[in-house]
Amino acid sequence: MKITKLTTYRVPPRWMLLKIETDEGVVGWGEPVIEGKARTVEAAVHEYSQYLIGQDPRNINDLWQVMYRGGFYRGGAILMSAMAGIDQALWDIKGKALGVPVYELLGGCVRDKMKTYSWVGGDRPSDVIEGIRTLRAAGFDTFKMNGTEELGFIDSAKAIDAAVARIAEIRGAFGNDIEFGIDFHGRVAAPMAKVLMKELEPYRPLFIEEPVLAEQAEYYPRLAESTSIPIAAGERMYSRFEFKNVFHAGGLSIVQPDLSHAGGITECLKIAAMAEAYDIALAPHCPLGPVALAACLHVDFVSYNAVLQEQSMGIHYNKGAEVLDYVTNKEDFRIENGYIKPLPKPGLGVVIDEQRVIEASRNAPDWANPLWRHADGSVAEW
Ligand SMILES: O=C(O)[C@H](O)[C@@H](O)[C@@H](O)[C@H](O)CO
Ligand SMILES: [Mg+2]
């Protein structure tokens, strides 16, 4: 079997789908994307085709190493996201060629179903109570929300109180009938992270995500010393070589690699196994589309330390398309009481409505996150 063609489709709301064709008619789909930099990742995907066209797509490990090491420079959000989508498509092809789901190729499932969670609120955490009520009616009991709006390096007690009051209201409304993670989204600088985490402790969130920016990961052990709340991070780390330093330093309780940013299934499997050795739980990051979610689920189902899966149904970013809009086997993605079952079809288990994708790609918006500024005019972390 040989790879003959790579085709990329940028589609609403902010995703990119990659189709890899072969000379035997087996087609694989991937989802290479960095939110807000789809065109850059698209260029990187097509630059990698020099290593792929004419090659056997089933030699996933060798193709992965060639893409990672062959061009001298390596790592980072753009290249590892391009590789991630290509890797996903190669696993899709291999599973389809052998007639089995990818998790069967990886040794089979360690669980019957995988727990998922839903986002509530938006960029500026509001309407969370209403959002939780709606999603609870749909069977979810675990949620995630932004913990704060923009926050200064050193901010006021008033700003802290506002963030804490929102969480107190949630606990007050639902008690311990729900669980929720709080995403600091990298908006909080190290000095304030310690303050805010301490104030949130009484409300026992399931985890605090990105309590500081990934480039400040050396604070994780110090923050972990000062709080009982589990620390989660990983969406802005891109290879096992980055994660190894964070695991070794300690402080991280939940690792959240993104299957469309951190080198794909091949790399995230290795990250998951490394995390297990450090007694760190796995909760793949996935605010993206159906192929990214499917790739996450295959890693979840074969990873003992997988505990929670993010999925983007109803997420505040999905303007213009929902997570299953480009999928024809929607029933396989059914979530019951917050749980999803292994995807039964060969490969990644996603049947893409290519016509719908082609139509949607004709006028895909160039999504970008908003640019926030502090009251003094300086740029704020979004
Ligand atoms: O936890 C999450 O889903 C992420 O923090 C998410 O909000 C961002 O990754 C966003 O997709 C960036 O454009
Ligand atoms: Mg996050």
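Keep in mind the model is a prediction, meaning the values are calculated, not measured.

Caption draft 1: Layout of the pattern of salt bridges. One pass over the full model with this rule turns up 19 salt bridges. R10 serves as the salt-bridge partner of E42, at 2.8 Å between the closest nitrogen and oxygen. Taken as a pair, E42 in helix α1 (residues 38-52) and R10 in strand β1 (residues 3-11) lie far apart in primary sequence, 32 residues in all. When the shortest N-O distance is used, the salt bridge between D325 and R356 registers 3.9 Å. On the criterion of sequence distance, the pair formed by D325 in the loop between β11 (309-310) and β12 (335-336) and R356 in helix α12 (residues 354-361) is long-range, its members being 31 residues apart. Where salt bridges share partners, they join R10, R39, E42 and D366 into one cluster.

Caption draft 2: Structural context of the domain arrangement of the protein chain. According to the domain assignment, the protein chain contains domain 1 (3-99) and domain 2 (104-348). Just the C-alpha atoms count here: the centres of domain 1 and domain 2 sit 25 Å apart. On the side of domain 2, 36 residues touch domain 1, which itself brings 33 residues to the contact. Between domain 1 and domain 2, a total of about 2,600 Å² is buried, with carbon and sulfur atoms accounting for 64% of that surface. Where domain 1 meets domain 2, there are zero salt bridges. Taken together, domain 1 and domain 2 are joined by 18 residue pairs in polar contact (both at pLDDT 80 or more). Listed by contribution, the elements that provide at least two residues to the side of domain 1 that touches domain 2 are β2 (15-22), β3 (27-30), α2 (60-69) and α3 (77-98). Among the elements that take part in the side of domain 1 that touches domain 2, α3 stands out by supplying 13 residues, more than any other.

Caption draft 3: Just the UniProt feature "site: Transition state stabilizer" (unreviewed entry) in the protein chain, in detail. What UniProt calls "site: Transition state stabilizer" (unreviewed entry) maps, in this numbering, to E310. With respect to the secondary-structure elements, E310 resides in strand β11. A relative accessible area of 1% places E310 in the buried class. Apart from the residues lying within four places of it in its own chain, the contact partners of E310 are Y117, W119, K144, P284, H285, C286, P287, L293 and I315. At 2.7 Å, the side chain of E310 forms a polar contact with the side chain of W119.

Caption draft 4: Representation of the sheet that holds β2. Within the open sheet, the three strands sit side by side as β1-β2-β3. Their pairing is antiparallel. This sheet does not close on itself; its edge strands, each paired only once, are β1 and β3. In this sheet, adjacent strand axes meet at a mean angle of 20° when their direction is disregarded. Where β1 meets β2, eight bridges bridge the pair, whose relative direction is antiparallel. Within β2, the position partnered with K5 by the bridge is E21. α1 contacts β1 and β2 of the sheet and is inclined by roughly 175° relative to β1.

Parameters and conventions
- Residues numbered from 1 in each chain as written.
- Chains lettered and ligands numbered in written order.
- Predicted model: local features only at pLDDT ≥ 70, side-chain atom pairs only at ≥ 80, totals over all residues.
- Heavy atoms only, no water.
- Salt bridge = Lys/Arg side-chain N within 4 Å of Asp/Glu carboxyl O.
- Helix = DSSP H or I, 4+ residues; strand = E, 2+ residues; numbered from the N terminus.
- Domains from an automatic or database assignment.
- Contact = heavy atoms within 4.5 Å.
- Buried area = accessible area lost by both parts, 1.4 Å probe.
- Polar contact = N/O pair within 3.5 Å; in protein donor to acceptor, adjacent residues only side chain to side chain.
- UniProt positions renumbered as here; feature names shortened; annotations may be inferred.
- Buried < 20%, exposed > 50% of the residue type's maximum accessible area, 1.4 Å probe, protein only.
- Pairing = 2+ DSSP bridges.
- Axes fitted to C-alpha atoms, helices over the stretch in contact; angles between N-to-C directions.

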